[in-house]
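Listed below, chain by chain, are the residues.
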Amino acid sequence: MAHHGELLQGVFEVGNGRLHRGLVTLPLPAMMSRATFIATRSTDITVRPHSRAKAGVAARLTLDHLAIAEGGAVEIVSDIPIGHGYGSSTADVVAVIRAVADAYCAHLQPSRVSQLAVAAEKASDAIAFGEQALLFAQRQGVVLEHFGGALPPLLLVGFKTRDGLPIDTLDLPPARYDQAEIQQFRVLRGLIAHAVRYQDANCLGRAATASARISQRHLPKEHFDQVMAIAEDAGACGVQVAHSGSLIGIIFDRTGKNLRQRAGRVAGLAKRLGFRDVAFHQINDDGARW
């Protein structure tokens, strides 16, 4: 599956007191990457489309992990836009790892899939764990904290910044957070844990908004203050961003009142401001289509 950027991204303490970079992904299961792997006698790996080079690396790493001295043909079909923060490359890589394992009737745990994904693309996210809410170390491929469930039901009004240019995540220098921000991340981590435990969309929105504000110092989004004003005027839970992409999302509690009217007004204002690809996304909602 894809994702719509992050709810939280920063630096966090682990049990031994060391700091690790980590993030909480906002999953977007409506968009998918699908991979097919056909084993061959040759040791070569071929990939279609040819531009999906990371997928070929993932296939080879998975074969090596399974101790299989064969190659194969990988084909990827995806409806995930590239380079905006939707996690397109991770979706490709995870799909390929699972396809290779399936071809040999092997079952890999999500933790192993994540580690192989990081090895293939240097930085990844937690989509191998599905819609579970996790604090995930994107450059080590390990779970820093499992929040014990999924996110509360949300409606997201998502869009791209007006320039909407693709961003190569690996070309971005890692953000250098100051001590005040690191202390704030500790609080935001606790807010996410509370939001998942009690299915509190408003608490989740507060954490996402604070993380988005911190992100403005490192990868600023144009018209961010106007987006914040729109969200506040509509009674939204908060604002989230792709911390290494062009995506912005305004978060609503899926169970809130007058949701269609409020979200529709937000979408209209976003379009009038010139934001691109305005869309509605249902998150962790098993009810009727909005």
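This text goes with the structure placed above it.
Described in the following lines is the structure provided in the data block. Every value quoted in this text rests on a predicted model; they were computed, and no experiment measured them.

Criteria and thresholds
- Residues numbered from 1 in each chain as written.
- Predicted model: local features only at pLDDT ≥ 70, side-chain atom pairs only at ≥ 80, totals over all residues.
- Heavy atoms only, no water.
- Helix = DSSP H or I, 4+ residues; strand = E, 2+ residues; numbered from the N terminus.
- Rg over C-alpha atoms; globule rule 2.2 N^0.38 Å.
- Buried < 20%, exposed > 50% of the residue type's maximum accessible area, 1.4 Å probe, protein only.
- Areas by Shrake-Rupley, 256 points an atom, 1.4 Å probe, with all protein chains shown as cover.
- Lys, Arg positive; Asp, Glu negative; His and termini not counted.
- Charge placed at Lys NZ, Arg CZ, Asp CG, Glu CD.
- Pairing = 2+ DSSP bridges.
- Expected span 1.5 Å × (residues − 1).
- Contact = heavy atoms within 4.5 Å.
- Axes fitted to C-alpha atoms, helices over the stretch in contact; angles between N-to-C directions.
- Left-handed = near helix turned anticlockwise from the far one by under 90°.
- Nonpolar A, V, L, I, M, F, W, Y, C, P; charged D, E, K, R; others polar.
- Phe/Tyr/Trp six-rings, centres within 6.5 Å; stacked < 30°, edge-to-face > 60°.
- 1 Å grid on protein atoms, 1.4 Å probe; cavity = no way out; pocket = protein on both sides within 12 Å on 5 of 7 lines; lining within 4 Å.
- Points joined across faces, edges and corners; volume = space filled by probe spheres on them.

1. Description of the overall build of the protein
Link 1 in the chain: Secondary structure assignment for the protein yields 7 helices and 11 strands.
Link 2 in the chain: For 290 residues, the compact-globule estimate of 2.2 N^0.38 gives 19 Å, and the C-alpha radius of gyration of the protein, at 19 Å, lies within 12% of that figure.
Link 3 in the chain: Viewed in the frame of its principal axes, the protein has a C-alpha envelope of about 60 × 45 × 35 Å.
Link 4 in the chain: Considering the protein as a whole, with its 290 residues, one finds that 51% of them fall into the buried category.
Link 5 in the chain: A total accessible area of about 13,300 Å² is found for the protein, and carbon and sulfur atoms account for 50% of it.
Link 6 in the chain: Between the centroid of the 31 positive side chains of the protein and the centroid of its 27 negative side chains there is a distance of 2 Å.

2. Re the pairing of strand β9 (residues 238-241)
Successive side chains on a regular strand alternate, one facing one side of the sheet and the next facing the other.
Link 1 in the chain: Going residue by residue along β9, you find Gly-238 and Gln-240 tucked away on one face and Val-239 and Val-241 tucked away on the opposite face as well.
Link 2 in the chain: In this structure, the hairpin formed by β9 and strand β10 (residues 247-253) is closed by a connection of 5 residues.

3. As for helix α3 (residues 110-121)
Link 1 in the chain: Relative to the 16 Å expected for 12 residues at 1.5 Å per residue, α3 spans 16 Å between its end C-alpha atoms, a close match to the ideal helical length.
Link 2 in the chain: The complete set of buried residues in α3 reads Val-113, Ser-114, Leu-116, Ala-117, Val-118, Ala-120 and Glu-121.
Link 3 in the chain: Considering only its buried residues, α3 is in contact with α1 (53-65), α2 (88-103) and β6 (132-137).
Link 4 in the chain: With its phi angle positive at about 75°, Lys-122 sits one or two positions after the end of α3.

4. Regarding the packing of α1 against α2
Angle between the axes and distance between the axes are the two parameters that describe a pair of packed helices.
Link 1 in the chain: At their nearest, the axes of α1 and α2 sit 8 Å apart, and the two run at 35° to each other. Where α1 crosses over α2, the two elements pack in a sense that is right-handed. Along its contact with α1, which presents Lys-54, Ala-55, Ala-58, Ala-59, Thr-62 and Leu-63, the element α2 presents Ser-89, Val-93, Val-96, Ile-97, Val-100 and Ala-101.
Link 2 in the chain: Per-class residue counts for the contact of α1 with α2 are 9 nonpolar, 2 polar and 1 charged.

5. Examining the packing of aromatic side chains
Link 1 in the chain: In total, this model carries 5 aromatic pairs according to the counting rule given.
Link 2 in the chain: Here Tyr-177 and Phe-185 contribute two aromatic rings whose centre-to-centre distance is 4.9 Å and whose plane-to-plane angle is 85°, an arrangement assigned as edge-to-face. The same class applies to Tyr-177 as to Phe-185, namely buried.

6. Overview of empty space enclosed by the protein
Link 1 in the chain: Counted according to the given criterion, the structure contains 1 cavity of 30 Å³ or more.
Link 2 in the chain: Roughly 50 Å³ of internal volume is contained in the largest cavity.
Link 3 in the chain: Around the largest cavity, the lining residues are Thr-25, Pro-27, Ala-126, Ile-127, Gly-130, Gln-132 and Leu-134.

7. Points about the sheet that holds strand β3 (residues 33-40)
Link 1 in the chain: Spatially, the 3 strands line up as an open sheet ordered β3-β5-β4, and their pairing is mixed. Of all the strands in the sheet, the pair left with one neighbour each is β3 and β4 (45-48). The sheet shows a mean angle of 15° between the axes of neighbouring strands, direction not considered.
Link 2 in the chain: Where β3 and strand β5 (residues 71-78) come together, 8 bridges link them in antiparallel fashion. The residue bridging Phe-37 from the neighbouring strand is Val-74, located in β5.
Link 3 in the chain: In this fold α2 packs onto β3 and β5, with an angle of close to 40° to the strand it touches most, β3.

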